[in-house]
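Structural description and commentary
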Amino acid sequence: MKHYDLVIVGGGPAGLAAAVAARDNGIDDILILERDNKLGGILNQCIHNGFGLHTFKEELTGPEYASRFIQQVLERGIDYKMNTMVMDISPEKVVTAMNATDGMFTIPAKAVILAMGCRERSRGALNIPGYRPAGIFSAGTAQRLVNMEGQMPGKKVVILGSGDIGLIMARRMTLEGAKVEVVAELMPYSGGLKRNIVQCLQDFDIPLKLSHTVVNIEGKERVEAVTIAKVGPDRRPIPGTEERYECDTLLLSCGLIPENELSKGSGVTLNPVTSGPVVNDALETSVEGIFACGNVLHVHDLVDFVSQEAANAGAYAARYIRQGEKTDVRTVPVRGIDGVRYTVPSTIRPEEMQDTVTVRFRVGDVYRDSAVVTCIDGREISRRRKKVFAPGEMEQVILKKEDLADAKIGEITIRIEKEA
């Protein structure tokens, strides 16, 4: 196979934006490898609107948003291969892949961008008791069936989990004539965006029961009923609180996990909180020349942020290909404490960073009337107040290069602090 300067694994919104940015930063030999039969990734099945407000200043559906970037890729003549599965990425940046046309092949690259996206948590990881009948779907599978294949999973639906896909599918199933009986959420707060709770549940009078989970599934051939119960602070069901709902379908929307088997195989260090790679301000992983962006790095709530992050990864990968890796570069760790579960990036290079770096994170609980406080070695440099911080919504702070000029800086911390 031809040698490429840059190989991008994944042709979804992250891979497309990274490819465009890398080309615009002077890299000509770029190859996108995509396992599906079309570019665009998960956006192809997200036919609802709400995409593109940040990037294009207008409201688009998922396929419309994807088509904007696909068009940019085509205009720049960037190479891509469909129906191609990447099997391995070596620490030396040799990509092994296969498809029906080329068979098994290897591509030596100067840099690699990981943009494989994320996957849904499987039902097996949820330990729900009961039989294993037909009628149990992940919310994403149901979305693909309804929006791309024109098939209805069922007519009476219970949804476990209030992630954004589950909320959106509650509305979608209702619009297609199904009856959504209830959305049950294990945690005492929703995992989705506030706007989706309002537009997808409240506008359609679909009940959301927080601190509830499924404790039994009835039916041997097909789901016949589902029982939910309230859970205590230990997340265990409370006897006597069971409620039974007759239904033929159970949708699971219990979180997303970055797709990182390839990352592990290449020796990339993963963050135990996000399950995505640990990266620096250039979005470079622990393996030199391998970069990561989008939902493979950490699960985003807005695709616009995926595109912004991926564009940065493409630009940094282009700079790496042109200039190589600088050695003996000072790094400063960035830590989330007191309610901040993680930060992306995990380290900053004060001399190499851009004038500003966006640090994104999620909180671990609902915090009201609080502030996100950024400190350098305990000295406060910024404070942003907000009425509500919630785990379903990604937060960010901006670090300025001028604040990190002191060579004696030990660490940067970001925390949530209750306001008086």
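What this report covers is the structure whose coordinates are included nearby. No experiment lies behind these values; they were computed from the predicted model shown.

1. Regarding the overall build of the chain
Looking only at helices and strands, one finds seven helices and 26 strands in the chain. The C-alpha atoms of the chain give 22 Å as radius of gyration, which agrees with the globular expectation for 420 residues (22 Å, within 12%). Its C-alpha atoms give the chain principal-axis dimensions of roughly 65 × 60 × 40 Å. Per-residue burial for the chain yields a buried fraction of 54% across its 420 residues. Counted over contacts in the chain with a minimum sequence separation of 6, partners at least 24 positions apart contribute 62%. Here the chain has roughly 18,500 Å² of accessible surface; of this, 48% comes from carbon and sulfur atoms. For the chain, the separation between the mean place of its 51 positive charges and that of its 56 negative charges on side chains is 3 Å.

2. Some points on the side chain of Gln 143
For Gln 143, the position within the fold is in helix H3 (residues 139–147). Gln 143 has contacts with Gln 45, Cys 46, His 48, Met 148, Ile 165, Ile 168 and Met 169, leaving out every residue within four places of it along the chain.

3. A word on the state of the cysteines
Under the criterion given, the structure shown has zero disulfides. The structure places no disulfide on Cys 247, whose sulfur is separated from the nearest cysteine sulfur, that of Cys 254, by 14 Å. On the basis of relative accessibility, which here comes to 5%, the residue Cys 247 falls in the buried class. No disulfide involves Cys 293; its nearest neighbouring cysteine sulfur is the one of Cys 118, lying 13 Å away.

4. Structural notes on the packing of aromatic side chains
One pass over the structure, following the stated rule, counts four aromatic pairs. Here the aromatic residues Phe 56, Tyr 65 and Phe 69 are joined through ring pairs into a cluster of three or more. One cation-aromatic arrangement involves Arg 68 over Phe 56; the distance from NZ or CZ to the ring centre is 5.0 Å. In this arrangement the basic side chain of Arg 360 is found over the ring face of Phe 305, its NZ or CZ atom lying 4.7 Å from the centre.

5. Some points on the sheet that holds strand S21 (residues 347–348)
A sheet is described by the order of its strands in space; here five strands give the open sequence S21-S20-S26-S23-S24, paired in mixed fashion. Each edge of the open sheet carries a strand with a single partner, namely S21 and strand S24 (379–389). Note: strand S23 (residues 367–376) against strand S26 (residues 412–418), seven bridges, orientation antiparallel. In the strand pairing of S26, Thr 374 is matched with Ile 414.

6. A few points about empty space enclosed by the protein
Applying the stated criterion to the full structure yields one cavity of 30 Å³ or more. Roughly 150 Å³ of volume is contained in the largest cavity. Along the wall of the largest cavity there are 13 residues; nearest its centre are Arg 319, Tyr 320, Gly 324, Glu 325 and Arg 349. Broken down by element, the residue count for the lining of the largest cavity peaks at four residues, all from helix H7 (residues 303–323). Residue composition of the lining of the largest cavity, by class: five nonpolar, two polar and six charged.

7. Describing the nonpolar core
Core analysis: the biggest nonpolar cluster contains 66 residues, and Leu 6, Ile 8 and Ile 89 have the highest contact counts within it. The element contributing the most residues to this core is H7, with nine residues. If near-sequence neighbours (up to four positions away) are discounted, Ile 89 is found in contact with Val 9, Val 94, Val 95, Val 112, Leu 114, Leu 262, Gly 265, Ser 266 and Ile 290. Core analysis: the next-biggest nonpolar cluster, separate from the first, contains 20 residues, Ile 159, Leu 167, Met 173 and Cys 200 among them.

8. Observations concerning the pattern of salt bridges
Opposite charge on two side chains lets them pair, provided their charged atoms get close. A complete count under the given rule lists 26 salt bridges for this structure. Look at the salt bridges and you will find they share partners, linking Glu 380, Arg 383, Arg 385, Arg 415, Glu 417 and Glu 419 into a network.

9. Examining the sheet that holds strand S10 (residues 136–138)
The strands making up a sheet are joined through hydrogen bonds of the backbone, oriented either antiparallel or parallel. Strand order in the open sheet formed by five strands is S10-S17-S11-S12-S13, and the pairing between neighbours is parallel. Every other strand in the sheet has two partners, leaving S10 and strand S13 (208–210) as the edge strands with one partner each. Ignoring which end each strand starts from, the neighbouring axes of this sheet average 20° apart. As defined by bridge partners, strand S12 (residues 179–185) adjoins S13 across three bridges and the pair is classed as parallel.

10. With respect to a nonpolar patch on the surface
On the surface, a cluster of nonpolar side chains totalling about 380 Å² of accessible area is made up of Met 85, Met 87, Met 98 and Met 104. Looking at the secondary structure, you find Met 85 in strand S6 (residues 85–89).

11. Remarks on the pairing of S23
Buried residues dominate S23, accounting for seven of its 10 residues. In the sheet, S23 pairs with S24 via nine bridges, with the strands oriented antiparallel. In the sheet register, Ser 370 faces S24, and the bridge partner there is Lys 386. The turn joining S23 and S24, which pair antiparallel and follow one another in sequence, is formed by two residues; a positive phi near 50° is taken by Asp 377.

12. Section: helix H1 (residues 13–24)
If you check H1, its first and last C-alpha atoms are 17 Å apart, about what 12 residues at 1.5 Å a residue would give, namely 16 Å. Counting buried positions along H1 yields 11 of 12 residues, so the element is predominantly enclosed. Burial in H1 covers these residues: Pro 13, Ala 14, Gly 15, Leu 16, Ala 17, Ala 18, Ala 19, Val 20, Ala 21, Ala 22 and Arg 23. Looking at the buried positions of H1, the neighbouring elements they touch are strand S1 (4–9), strand S2 (30–33), helix H2 (62–75), strand S8 (103–114) and H7. Just past H1, the residue Gly 26 takes up positive phi, approximately 95°.

Thresholds, definitions, all that
- Residues numbered from 1 in each chain as written.
- Predicted model: local features only at pLDDT ≥ 70, side-chain atom pairs only at ≥ 80, totals over all residues.
- Heavy atoms only, no water.
- Helix = DSSP H or I, 4+ residues; strand = E, 2+ residues; numbered from the N terminus.
- Rg over C-alpha atoms; globule rule 2.2 N^0.38 Å.
- Buried < 20%, exposed > 50% of the residue type's maximum accessible area, 1.4 Å probe, protein only.
- Contact = heavy atoms within 4.5 Å.
- Areas by Shrake-Rupley, 256 points an atom, 1.4 Å probe, with all protein chains shown as cover.
- Lys, Arg positive; Asp, Glu negative; His and termini not counted.
- Charge placed at Lys NZ, Arg CZ, Asp CG, Glu CD.
- Disulfide = S-S within 2.5 Å.
- Phe/Tyr/Trp six-rings, centres within 6.5 Å; stacked < 30°, edge-to-face > 60°.
- Lys NZ or Arg CZ within 6 Å of the ring centre and 35° of its normal.
- Pairing = 2+ DSSP bridges.
- 1 Å grid on protein atoms, 1.4 Å probe; cavity = no way out; pocket = protein on both sides within 12 Å on 5 of 7 lines; lining within 4 Å.
- Points joined across faces, edges and corners; volume = space filled by probe spheres on them.
- Nonpolar A, V, L, I, M, F, W, Y, C, P; charged D, E, K, R; others polar.
- Core = buried A, V, L, I, M, F, W, Y, C linked by side-chain atoms within 4.5 Å.
- Salt bridge = Lys/Arg side-chain N within 4 Å of Asp/Glu carboxyl O.
- Axes fitted to C-alpha atoms, helices over the stretch in contact; angles between N-to-C directions.
- Patch = residues over 30% accessible without salt bridge, like charges linked within 9 Å, V, L, I, M, F, W, Y side chains within 5 Å.
- Expected span 1.5 Å × (residues − 1).

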